[in-house]
Amino acid sequence: MDKANPIGPAETTALREAPAVSKGFFNKQRKNNTGLNNKPPSGEKSFFQKLLQQKALVFMSIPFLIWLFVFKYLPLWGWTIAFQDFKPAKKIFDQEWVGLQHFTFLFQDEHFLRVMRNTLAMSFINLVLGFVTAIVLAILLNELRNLMFKRVVQTISYLPHFISWVVAASIISTALSADGGIINELLMWFGIIKEPILWLGEGEYFWGILGVSEVWKNVGWNTIIYLAAMTMIDPSQYEAAEIDGAGRFQRIWNITLPGLKPVFIILLIMNIGNLLESGFEPQYLLGNGMNVDYSENLDIFVLKYGIQMGNFSLSIAAGMFKTVVSFILLFTANHIAKRLGEDRLF
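Remember, it's a predicted structure, so these values are computed and weren't measured experimentally.

**Brief notes about the pattern of salt bridges**
Under the defined criterion, the tally for this structure stands at 8 salt bridges. Ionic pairing is found between E143 and R248, a salt bridge with its closest N-O pair at 3.3 Å. Here E143, found in helix α5 (residues 110-143), pairs with R248, found in helix α11 (residues 248-273); they are 105 residues apart in sequence, far enough to count as distant. Overall, E143 belongs to the buried group, its relative accessible area being 13%. Put simply, E277 and K322 hold a salt bridge, and the shortest N to O gap is 3.2 Å. Note that E277 is positioned in the loop between α11 and α12 (281-286) and K322 in helix α15 (residues 312-339), a separation of 45 residues in sequence.

**Brief notes about a nonpolar patch on the surface**
Residues F59, I62, F64, L65, I66, W67, F69, V70, F71, Y73, L74 and L76 make up a contiguous nonpolar surface patch of about 1200 Å² in total accessible area. Here L65 shows up in helix α3 (residues 55-73). On the basis of relative accessibility, which here comes to 47%, the residue L65 falls in the partly exposed class.

**Remarks on the nonpolar core**
With 18 residues, the main nonpolar core has Y226, L227, M230 and L260 as its most contacted residues. Put simply, the parts of the chain that give this core at least two residues each are α5, α9 (206-230) and α11. Considering each element in turn, this core owes the most residues, 8 residues, to α5. Among all residues touching L260, those that are not within four sequence positions of it are I135, Y226, A229 and M230.

**Let's talk about the side chain of D299**
Looking at the secondary structure, you find D299 in helix α14 (residues 298-308). If near-sequence neighbours (up to four positions away) are discounted, D299 is found in contact with E277, G279, F280 and K322.

Reading the values: the criteria
- Residues numbered from 1 in each chain as written.
- Predicted model: local features only at pLDDT ≥ 70, side-chain atom pairs only at ≥ 80, totals over all residues.
- Heavy atoms only, no water.
- Salt bridge = Lys/Arg side-chain N within 4 Å of Asp/Glu carboxyl O.
- Helix = DSSP H or I, 4+ residues; strand = E, 2+ residues; numbered from the N terminus.
- Buried < 20%, exposed > 50% of the residue type's maximum accessible area, 1.4 Å probe, protein only.
- Patch = residues over 30% accessible without salt bridge, like charges linked within 9 Å, V, L, I, M, F, W, Y side chains within 5 Å.
- Areas by Shrake-Rupley, 256 points an atom, 1.4 Å probe, with all protein chains shown as cover.
- Core = buried A, V, L, I, M, F, W, Y, C linked by side-chain atoms within 4.5 Å.
- Contact = heavy atoms within 4.5 Å.

In structure tokens form, the structure reads like this:
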């Protein structure tokens, strides 16, 4: 060891590295302290912070929440009528309580069972045709390269959605008329039938007529969400597939349809929840005494018993049954999607 430098080479190296080690240690401690002090808020604190940050949206939603409470939740007290022998002249708490008598009558009534058959059949037809036609039309529009023709087709397909069912039912009835209706005239001209058919007078035809009418009126509107979903698909996937030699149908099958799958699952869950909502206006306007065995659904049943016959308790029991079953279907479909690892509502 050199007398002029009593510290050896090893000690010199340690001293030189000490500031760097110390600096690194303090930087690490500073980062740790910063991370501890800036922890993101959780639970109620985070929720209220988001409300303050988005207070403009909160104020905009207040009228909707008031409407939702007044018209959707406040009337639920009326469900108590389903457990009473309700008489309009008496006060609500002076009514005679009958328990589940009205529900028992519903499930034993052949008329109600026929109504449930019609409701489920029409809902299933509308569900299948609605999904298939909307997806097919959206894919065809997406594949069009002539923008002018694409816009014309979109406009024509959207227009029926903005026609009220009163006008639409009149158009459908005129087209299906046995006295000069265009459908009968075309079928006789092609030689498919020999004499006009009273389409709305035969109950067996009603479900098919309703399904085609729903498609005609809503298919264009239903394509909007699928066209929007297609814009989110990365165009580079189509370019890579085209370079690899994939044809148009192969690109649709392997890129477009998988890209639509999340939207399809969400809409399917929502539609399953509305399976008992087969509609009211088309059935009411196109239905008549000759096809009532096929056109009467749950909503018309509630209207008939509640308004025309004055049996408010039975009609509310039927409406309550529809609501409860819809909730069960919605949560069941969402749970199945969750178990399968698919997108879901909640």
